[in-house]
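# Observations on the three-dimensional arrangement
Below, each chain spelled out in residue letters.
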Amino acid sequence: MMRTYLDFEKPLEELELKLEAIATQTQGRDPVVECEVQVLQQQLNQRRQELIASLTPWQKCQLARHPERPYTLDYIKRLTEDFLELHGDRRFSDDPAIIGGFGTIDNHSVLIVGHQKGRGTKERIGRNFGQPHPEGYRKALRLMKLAERFDIPVVTLIDTPGAFPGSGAEERGQAEAIATNLLELSLLAVPVISIVIGEGGSGGALALSVADRLVMLEHAIYSVISPEGCAAILWESDKLTQEDFSRAASALKLTAYDLLAFNVIDGIIREPLGGAHIDMDEAAQLVKAYIVDTLRTLREIPKDVLLQERYKKLTSIGVFTQDKEPAEIQDVGNSAV
């Protein structure tokens, strides 16, 4: 299967294609060929490690948006076998940009809600490129309140460039829908886990990420605005370059490690070497392990204490001290750093 290579991934292409060719052409077990494959695989892993270690914030943005990166439905397919999707906000319509439904993850009943960008031109247009309308957020909130009624934890998967900014969305109350979600999620009397799996953009991401535990995948991004939007505002030019986007991405501090250092997020889930798109199954298993471990912990906390701790967590974001050293990276389980 042909892979899409980003510009900075090009050094890996030759080795990967060579490995694929050997695997396709070789019949049976040949010790010489197996030895060659092992050497090539070691070289490939070494180059991937070097590449990942040298990524700039702008390159992290591109990796978070990789067209082959797993989306919400890819994770749902691998996390649960009994997912039942529910539709509609009971006010206007259903919004395909947000997926929501119930399922079981390792004997834990959960509500899973997430953004879905879509694959291929037709699906991406149908899902509005993962940019929700107000009815998407109202659908998500309706399902979360339903989960609360039956004491079912909520898991949200964040992956959106932002809420849809069109006139129709504004007319139907986009800002109000997001604000209501922020308020209601802060008071939801069940455990809430939010995971940024790709691109976490602006209020469109924030509306699903008020949680007891907010974590990011290793190469995800989470920011108040995209680097392109930030550059357009700061430099007001119709000839913005990749260098401008790179400057903006660096200034925004949008990588997982930046946000962990600022205590905005609670942890980082490791990805397969090279990114989640390299091995969706492994990526899903790492996400699943984090969800299961965290649910066990949160389920032991009394509801009144859970809400108090959530309030303290939310109100502590944004505290700034000039002399404070960046926070140490905390361990949040076997699958995270």
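These numbers come from a predicted model, not from an experiment.

Moving on: unusual backbone geometry. Backbone geometry places Asn107, a non-glycine residue, at a positive phi of 70 degrees. As for its position among the elements, Asn107 is in the loop between strand E2 (98–105) and strand E3 (108–115). Residue classification places Asn107 among the exposed positions, given a relative accessible area of 75%. Here the phi dihedral of Lys253 falls at roughly 55 degrees; this positive angle occurs in a residue that is not glycine. For Lys253, the position within the fold is in the loop between helix H11 (242–252) and helix H12 (256–261). Residue Lys253 is classed as partly exposed on the basis of its relative accessible area of 39%.

The subject of this paragraph is the packing of aromatic side chains. Overall, the coordinates contain one aromatic pair when judged by the stated rule. Taking the centre distance of 5.5 Å and the plane angle of 45 degrees together, the rings of Trp58 and Phe245 count as tilted. Remark: Phe245 occurs in helix H11 and Trp58 occurs in helix H3 (residues 57–64); sequence separation between them is 187 residues. With a relative accessible area of 8%, Trp58 lands in the buried category. Arg119 extends its terminal NZ or CZ atom over the ring of Tyr71, reaching a point 4.1 Å from the ring centre.

Within this numbering scheme, the UniProt entry marks residues 43–297 as carrying the feature "domain: CoA carboxyltransferase C-terminal" (unreviewed entry). Counted over residues 43–297, helix gives 46% and strand 18%. Its end C-alpha atoms are 40 Å apart.

All right, on to the pairing of strand E6 (residues 213–217) then. Most of E6 sits out of view: four of its five residues are buried. Looking at chain direction, strand E5 (residues 192–201) and E6 are connected through four bridges and run parallel. When the sheet's bridge partners are listed, Ser194 is paired in E6 with Leu214. Two strands pair when backbone bridges link them, and E6 and strand E8 (residues 267–269) are joined in this way by three bridges, in the parallel orientation. Looking at E8, one finds that Met216 is bridged to Ile268.

Assignment of secondary structure puts His66 in the loop between H3 and helix H4 (72–79). Assessed through its relative accessible area of 0%, His66 is described here as buried. Apart from residues lying up to four places away in sequence, His66 is in contact with Arg3, Thr4, Leu6, Glu9, Tyr71 and His277.

This next bit is on the side chain of Glu135. With respect to the helices and strands, the residue Glu135 is situated in helix H6 (residues 134–149). A polar contact is formed between the side chain of Glu135 and the side chain of Arg172, at a distance of 3.0 Å.

Conventions adopted
Residues numbered from 1 in each chain as written. Predicted model: local features only at pLDDT ≥ 70, side-chain atom pairs only at ≥ 80, totals over all residues. Heavy atoms only, no water. Helix = DSSP H or I, 4+ residues; strand = E, 2+ residues; numbered from the N terminus. Buried < 20%, exposed > 50% of the residue type's maximum accessible area, 1.4 Å probe, protein only. Phe/Tyr/Trp six-rings, centres within 6.5 Å; stacked < 30°, edge-to-face > 60°. Lys NZ or Arg CZ within 6 Å of the ring centre and 35° of its normal. UniProt positions renumbered as here; feature names shortened; annotations may be inferred. Pairing = 2+ DSSP bridges. Contact = heavy atoms within 4.5 Å. Polar contact = N/O pair within 3.5 Å; in protein donor to acceptor, adjacent residues only side chain to side chain.

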